[in-house]
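# Survey of secondary and tertiary structure
Here is what each chain is made of, one letter per residue.
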Amino acid sequence: VTRAFGAWTAADCGGAAPLIDVQVLGPITCDTAEYNSTKKNANIVLFRDDAWPYVGGEDALAFTHLLFNADTGELWDSDMEINSFEFEFSTGNPVTANDLDSMLTHEVGHMLGLGHTLVKDATMYAQYTMGTDSLRTLANDDVAGICAVYPPDRVPSRTSCSPRHGFSDVCGAEQPAN
């Protein structure tokens with residue numbers, strides 16, 4: 001996950017990096033992709049080993065949930081689910097199955113608010129070829145996208161990386177009432 005975010009935060013936006021601050025906090029207790037509108041949150045990466053709950057999406061390697069303010073674009077919550085029930089993933093070299101780093105880098109692009117592109121060599125292209133690792137590295141189209149969304153000279157709307165309403169290691173149902 002750290003390498004996937006690193007691909008995006010190290011993009012060259014004309015001599016400077018995109019204005020993104022990411023903190024990978026490690027494993028947490030909550031194992032549910034959720035957004036709590038009145039309680040604390042966490043942006044999580046979840047491996048679905050027991051069942052893939054998305055009927056009609058069995059061919060998806062992963063799914064990223066995004067919740068944002070449609071008027072301002074402010075990202076409220078982003079959770080990534082990896083379909084480890086239907087698919088095998090590998091790490092390192094050589095790639096022997098679906099490359100976990102490639103898939104994570106693509107999904108992190110979604111977590112950061114990017115959609116799919118029609119540029120076939122881009123990380124954000126909607127298709128992946130099993131056994132390849134080319135999506136680990138951003139293409140020019142990906143760099144242009146992340147630099148447009150998070151230009152180095154932008155003024156951030158907040159100075160904190162904390163999720164909306166604060167960070168919690170536990171799911172909303174386990175948190176005390178506000």
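Look above for the structure.
First, a word on what this report is: a plain description of the structure on this page.

Rules behind the numbers
Residues numbered from 1 in each chain as written. Predicted model: local features only at pLDDT ≥ 70, side-chain atom pairs only at ≥ 80, totals over all residues. Heavy atoms only, no water. Helix = DSSP H or I, 4+ residues; strand = E, 2+ residues; numbered from the N terminus. Rg over C-alpha atoms; globule rule 2.2 N^0.38 Å. Axes fitted to C-alpha atoms, helices over the stretch in contact; angles between N-to-C directions. Parallel < 35°, antiparallel > 145°, perpendicular 65-115°, else oblique. Left-handed = near helix turned anticlockwise from the far one by under 90°. Contact = heavy atoms within 4.5 Å. Nonpolar A, V, L, I, M, F, W, Y, C, P; charged D, E, K, R; others polar. Buried < 20%, exposed > 50% of the residue type's maximum accessible area, 1.4 Å probe, protein only. Pairing = 2+ DSSP bridges. Core = buried A, V, L, I, M, F, W, Y, C linked by side-chain atoms within 4.5 Å. Salt bridge = Lys/Arg side-chain N within 4 Å of Asp/Glu carboxyl O. Disulfide = S-S within 2.5 Å.

## Structural notes on the overall build of the chain
- Secondary structure summary: the chain contains three helices and five strands in total.
- Along the chain, from the amino end to the carboxyl end, the secondary structure elements read α-β-β-β-β-β-α-α.
- Taken against the 2.2 N^0.38 rule, which gives 16 Å for 178 residues, the C-alpha radius of gyration of the chain at 16 Å falls within 12% of a compact globule.
- Taken along its principal axes, the extent of the C-alpha atoms in the chain is 50 × 45 × 25 Å.

## Some thoughts on the packing of helix H1 (residues 2-9) against helix H2 (residues 100-111)
- For the pair H1 and H2, the least separation of the axes is 8 Å and the interaxial angle reads 55°. Classified by the angle their axes make, H1 and H2 are oblique. The chirality of how H1 crosses H2 is right-handed. Contact residues: Arg3, Ala4, Phe5, Ala7 and Trp8 in H1; Asp101, Leu104, Thr105, Val108, Gly109 and Met111 in H2.
- Across the contact of H1 with H2, the residue classes tally to seven nonpolar, two polar and two charged.

## A word on the pairing of strand E3 (residues 75-82)
- When you tally the buried positions in E3, you get seven out of eight residues, the bulk of the element.
- Pairing between strand E2 (residues 62-68) and E3: seven bridges, direction antiparallel. Within E3, the residue paired with Thr64 across the bridge is Met80.
- Between E2 and E3, which pair antiparallel in sequence order, lie six residues; one of them, Gly73, sits at a positive phi of approximately 85°.

## Section: unusual backbone geometry
- Of the consecutive residues Asn93 and Pro94, the connecting peptide bond is found in the cis state with omega at 0°.
- Inspection of the secondary structure puts Pro94 in the loop between strand E4 (89-90) and strand E5 (98-99).

## Points about the nonpolar core
- Among the nonpolar cores identified, the biggest contains 25 residues, and Trp8, Met103, Leu104, Val108, Leu112 and Ile146 are the most heavily contacted of them.
- Counting residues per element, the ones that place at least two in this core are H1, E3, H2 and helix H3 (140-149).
- When residues of this core are assigned to their parent elements, the largest contribution, five residues, is made by H2.

## What about the pattern of salt bridges?
- This structure, assessed with the given rule, holds four salt bridges.
- One salt bridge connects Arg136 with Asp99, and the closest N-O pair in it is separated by 2.7 Å. Placement of the pair is Arg136 in the loop between H2 and H3 and Asp99 in strand E5, with a sequence separation of 37 residues.
- Residue Arg136 is joined to Asp133 by a salt bridge in which the shortest nitrogen-to-oxygen separation is 3.9 Å.
- On the basis of relative accessible area, Asp133 is assigned to the partly exposed category, the value being 33%.
- Taken together, the shared-partner salt bridges connect Asp99, Asp133 and Arg136 into one network.

## Looking at the environment of Leu75
- With respect to the helices, strands and loops of the structure, Leu75 is situated in strand E3.
- Note on Leu75: relative accessible area 31%, which makes it partly exposed.
- In sequence terms Leu75 and Leu112 are 37 residues apart; their C-alpha atoms lie 8.2 Å from each other.
- Not counting the four nearest positions on each side in its chain, Leu75 is found in contact with Leu66, Leu67, Phe68 and Met111.

## Side note on the state of the cysteines
- Evaluation of the coordinates by the stated rule reveals two disulfides.
- At a sulfur-sulfur separation of 1.9 Å, the disulfide partner of Cys13 is Cys147. Its torsion about the S-S bond being -85°, the disulfide of Cys13 and Cys147 is classed as left-handed. Of this pair, Cys13 sits in the loop between H1 and strand E1 (45-47) while Cys147 sits in helix H3; the two residues are 134 residues apart in sequence, bridging distant segments of the chain.
- Exposure remark for Cys147: the relative accessible area of 14% places this residue in the buried category.
- A sulfur-sulfur separation of 2.1 Å characterises the disulfide bridge that pairs Cys30 with Cys171. Looking along the S-S bond of the Cys30-Cys171 disulfide, the torsion reads about 100°, which is the right-handed sense. In this pair, Cys30 is assigned in the loop between H1 and E1 and Cys171 in the segment after H3, connecting sequence segments 141 residues apart. One exposure class covers both Cys30 and Cys171, and it is buried.
- When the cysteines of the chain that form disulfides are numbered from the N-terminus onward, they connect as 1-3, 2-4.

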